[in-house]
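# Geometric and topological summary
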Amino acid sequence: MSDLRAAFVEAADHVIAILARDDVSTAWREPSALADWSVGGLVAHFAAQLPTALRLLRAEPGSDPIAVDEHYHRSAWVGAAHEAEVNAGIREGGEREASDGHAAVLAAAVRARAELPAVLAGQPADRAVLIPWAGWSLLRDDFLTGRMLEIVVHGEDVAASVGFTAPRLSRAVLGPVLGLLTRLAMEKHGQGAIVSALTRSERAPRTISAF
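What comes next concerns the included structure. Owing to the predicted nature of the structure, the values given are computational and were not obtained by experimental measurement.

## A word on the pairing of strand β1 (residues 128-131)
Note on strand geometry: in a regular strand, side chains alternate between the two faces of the sheet. Note: β1 against strand β2 (residues 136-139), four bridges, orientation antiparallel. Bridged to V129 within β2 is L138. Connecting β1 to the next strand, β2, in antiparallel fashion are four residues, including G135 with a positive phi near 95°.

## Focus on helix α7 (residues 102-121)
Between the first and last C-alpha of α7 there are 30 Å, a value that for 20 residues agrees with the 28 Å anticipated at 1.5 Å per step. Where α7 bends most, the angle comes to about 40°, and this point is E115, followed within four residues by the proline P117. Among the residues of α7, those classed as buried are H102, V105, L106, A109, A112, L116, V119 and L120. Looking at the buried residues of α7, the elements they touch are α1 (5-19), α2 (22-26), α3 (39-47), α4 (49-58), α6 (85-98) and α8 (140-162).

## Observations regarding the nonpolar core
The biggest cluster of nonpolar side chains holds 59 residues, and the ones touching the most others in it are F8, L19, L50, L116, F143, M148 and V158. Counting residues per element, this core draws most heavily on α1, which supplies nine residues. Apart from residues lying up to four places away in sequence, F8 is in contact with Q49, L50, A53, L116, L120, L144, R147, M148 and I151.

## Digging into α4
Taken across its 10 residues, α4 has seven buried, putting it largely inside the fold. The complete set of buried residues in α4 reads Q49, L50, T52, A53, L54, L56 and L57.

Thresholds, definitions, all that
Residues numbered from 1 in each chain as written. Predicted model: local features only at pLDDT ≥ 70, side-chain atom pairs only at ≥ 80, totals over all residues. Heavy atoms only, no water. Pairing = 2+ DSSP bridges. Helix = DSSP H or I, 4+ residues; strand = E, 2+ residues; numbered from the N terminus. Expected span 1.5 Å × (residues − 1). Bend = angle between axes of the 7 residues up to and from the residue. Buried < 20%, exposed > 50% of the residue type's maximum accessible area, 1.4 Å probe, protein only. Contact = heavy atoms within 4.5 Å. Core = buried A, V, L, I, M, F, W, Y, C linked by side-chain atoms within 4.5 Å.

Quick look at the structure:
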């Protein structure tokens, strides 16, 4: 059985490394690479993965956990239009948190990072973590995989928005995230599309996006 707790701490350090950059602070109110997001709103959503994870790991355990792939099959934002209420709500939440300013967002993330190791140490592999806005639970490592996916993807979004190369992550973080994205992409596009995209540029599809 895997244990992603150390990987999640590495992912948390990735958040802090990006969030603490001076150029991220300077670009706070500029448009990001994602439509209808400011850099600050995007970064606040990215950074919120740490306090959100901490809060849910400290909450009462859930029950009847589902698989992480099923979590994405059920999630309302997956496949929803850009202007859909669920996606607009996510953007609005990020912009609202960003309104407190770069220093406040950074401080909240740093506090959460400091507390995460002790909280993670007390989380057994069979812990069901309730995701209250979804209405279902995930096992510990499936929950951590989902949070790391958000961190990896949005870290690249922030880097593209501000104009730097995101710090390189280890296989411990990238492995489960890329595995999940590959499975979701294969279900969406089919085996042939994924294999061709990775090995045959002459017949690669236009996209193999997982979402």
